[in-house]
Amino acid sequence: MSNPSLLILPGDGIGPEVMAEVRKIITWFGDKRGITFDVSEDLVGGCAYDAHGVPLTDETMAKAQEVDAVLLGAVGGPKYDSLDFSVKPERGLLRLRKEMDLFSNLRPAQCFDALADFSSLKKNVVAGLDIMIIRELTSGVYFGEPRGIIREGNERVGINTQRYTESEIARVARSAFEMARKRSNKVCSMEKANVMESGILWREVVQEIHDAEYPDVELSHMYADAGAMQLTRWPKQFDVIVTDNLFGDLLSDLAAMLTGSLGMLPSASLGAPMANGRPKALYEPVHGSAPDIAGQEKANPCACILSFAMALRYSFDLGDEATRLEAAVEKVLADGVRTADLLNEEGVTPATTSQMGDAVVAALDASL
Ligand code: NAD
């Protein structure tokens, strides 16, 4: 049987720096666990524009469609700010998401004990927090037509359209129920059925899919604004939250920041199952290319390492190894190893990007 395949797209800014640490982890799994991946690497974002005049070539896009999983670092940077919209680095990422039809965006919000003091909320509210927000990623108001800025009389009008089909709602609902079955068997669906027809349909379809296919999963519904309040009041009441593109954009950022630094946050975007039964998948840290710290060995590689852990779990059926890797990150934090973003004390020397990666590898060694 051939090895599982992984396409690595480090991208721009700190992307290549954090990806270098993931490379160490991949090597460790090959050497110490006999788990080998066919890894290929390519360009995305500004570096692809520099080399080819486009932020993602057709060849790279084709490769992304073939592999078992794509792992991306980050794209963008000030150098590319003045480029035409059509070739901006972010267009490379959007093309990947669109052409791979990655409709289900998984954003875990997990609070590592050692970082509970970092949250803006009280420690008892966030300690032990572990929730999963599933955001619909390919439809809704960011894509609905008509859209644009038109002139009406003597003023301009900005238009966007919130639009969801039954099948778009059904597939992301299924993805949430499947996720819940692997976790605590509980889903809360969030919309604005009180004021939006698309919200009424969302609630109806989620309930129908539940009743027909997942009656064993506990389902509740909440208006998204109330959900935002509940997330800050007592986030541990939730396990899986499923919501649309716009509300998910806001709620997942809110939930993520309950847990501390941007440098700790992984994500996965999943599509329909491929021939091997696994979903099309793109894994990436939530953070961007951080031009302010790029090239200085200051980046925290944990978000990218934890994104790889998600790939182990969701693309490679290696849940135990994913747990091993997450536990290694947790141990490193508990041991007090911190990159600069995780320090708020004066006089403590932060770990560099590579020291943090090395510490995770050492913790993996210790797990054997
Ligand atoms: P950013 O996430 O790059 O940085 C925000 C802040 O967080 C910065 O102060 C940065 O130093 C810090 N930070 C981010 N990741 C960190 C890490 N791993 N370790 C330590 N500190 C970290 O967001 P931004 O500054 O708004 O955007 C910078 C560039 O990245 C822009 O070109 C933007 O378009 C792009 N961007 C890309 C993605 C992506 O590739 N998915 C996401 C967001 C922004």
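Predicted, not measured: the structure shown is a model, and the values here were computed from it.

Cut-offs and rules
Residues numbered from 1 in each chain as written. Predicted model: local features only at pLDDT ≥ 70, side-chain atom pairs only at ≥ 80, totals over all residues. Heavy atoms only, no water. UniProt positions renumbered as here; feature names shortened; annotations may be inferred. Helix = DSSP H or I, 4+ residues; strand = E, 2+ residues; numbered from the N terminus. Buried < 20%, exposed > 50% of the residue type's maximum accessible area, 1.4 Å probe, protein only. Pairing = 2+ DSSP bridges. Expected span 1.5 Å × (residues − 1). Contact = heavy atoms within 4.5 Å.

## Here's the deal with the UniProt feature "domain: Isopropylmalate dehydrogenase-like" (unreviewed entry) in the protein
Turning to step 1, where the next piece is worked out: In this structure's numbering, the residues bearing the UniProt feature "domain: Isopropylmalate dehydrogenase-like" (unreviewed entry) are residues 5-360.
Turning to step 2, where the next piece is worked out: Secondary structure content for residues 5-360 is 40% helix and 22% strand, while the C-alpha to C-alpha distance between its ends is 23 Å.

## Some remarks on the pairing of strand β3 (residues 69-74)
Turning to step 1, where the next piece is worked out: Within β3, six of the six residues are buried, which leaves it mostly tucked inside the rest of the structure.
Turning to step 2, where the next piece is worked out: Two elements, strand β1 (residues 5-11) and β3, share five bridges in a ladder whose sense is parallel. Bridging from a neighbouring strand, Leu6 pairs with Ala69 of β3.
Turning to step 3, where the next piece is worked out: Pairing between β3 and strand β12 (residues 279-285): two bridges, direction parallel. Across the sheet, the residue bridging to Leu71 is Tyr283, located in β12.

## Considering helix α12 (residues 353-366)
Turning to step 1, where the next piece is worked out: Taking 1.5 Å of rise per residue, 14 residues should cover 20 Å, and α12 covers 20 Å from first to last C-alpha, within 8% of that figure.
Turning to step 2, where the next piece is worked out: Considered for burial, the residues of α12 that qualify are Thr353, Met356, Gly357, Ala359, Val360, Val361, Ala363 and Leu364.
Turning to step 3, where the next piece is worked out: Considering only its buried residues, α12 is in contact with α1 (15-33), α10 (302-314) and α11 (319-334).

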